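The chain contents come next:
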Amino acid sequence: QVQLVESGGGSVQAGGSLNLSCVVSGFTFSPLVIDWYRQAPGKQRELVASISRDGGTNSVDSVKGRFTISRDNAKNTVQLQMNSLKPEDTAVYYCYTRIFARDFWGQGTQVTVSL
């Protein structure tokens, strides 16, 4: 059974930092592309950042220079380091992967940024 478990969310003031983790189990981790998505209240879920099997990364323009995605294949973990947080970063953050045409999501972790 493939499982993705996020942790590291919380409440911070604007300008603060959080480091989210996503631990993947139930499948060989190293070949997987892992994405971080977020969903704010009343908005559609959006892709925030992705990391490929070889460590190549992409991120949405609104977080470039502030968020960094990384992976540790030895620990089956992907992290999202979030710096210079803004109130508009407030959302539930999910990690996601796709295996053999099936979608797998974590349960989400809440990030709240206040002024």
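Structural data are supplied above this passage.
Residues numbered from 1 in each chain as written. Predicted model: local features only at pLDDT ≥ 70, side-chain atom pairs only at ≥ 80, totals over all residues. Heavy atoms only, no water.

Undergrad: So what about the overall build of the protein? Which residues, and what values?
TA: Regarding its fold elements, the protein presents zero helices and 11 strands. A compact globule built from 115 residues should have a C-alpha radius of gyration of about 13 Å, and the protein, at 13 Å, falls within 12% of that. With the C-alpha coordinates of the protein rotated into their principal frame, the extents come out at 40 × 25 × 20 Å. For the protein, buried positions account for 40% of its 115 residues. A separation of at least 24 residues holds for 53% of the contacts in the protein among residues at least 6 apart in sequence. In the form shown here, the protein has an accessible surface area of approximately 6,200 Å², with 47% of it arising from carbon and sulfur atoms. The positive charge centre, built from 11 side chains, and the negative charge centre, built from 9, are 2 Å apart in the protein. (Helix = DSSP H or I, 4+ residues; strand = E, 2+ residues; numbered from the N terminus. Rg over C-alpha atoms; globule rule 2.2 N^0.38 Å. Buried < 20%, exposed > 50% of the residue type's maximum accessible area, 1.4 Å probe, protein only. Contact = heavy atoms within 4.5 Å. Areas by Shrake-Rupley, 256 points an atom, 1.4 Å probe, with all protein chains shown as cover. Lys, Arg positive; Asp, Glu negative; His and termini not counted. Charge placed at Lys NZ, Arg CZ, Asp CG, Glu CD.)

Undergrad: Now, about the pairing of strand β8 (residues 77-82): what can you tell me, with residues and values included?
TA: Pairing analysis gives six bridges linking strand β3 (residues 18-25) to β8, with the strands arranged antiparallel. Among the inter-strand pairings, Val 23 is bridged to a residue of β8, identified as Thr 77. In the sheet, strand β7 (residues 67-72) pairs with β8 via six bridges, with the strands oriented antiparallel. Bridge assignment links Ile 69 to a residue of β8, and that residue is Leu 80. Taking the residues that link successive antiparallel strands as the turn, the β7-β8 hairpin has four residues, and the phi of Asn 76 there is positive, at about 55°. (Pairing = 2+ DSSP bridges.)

Coordinates in, geometry out; function isn't part of it.
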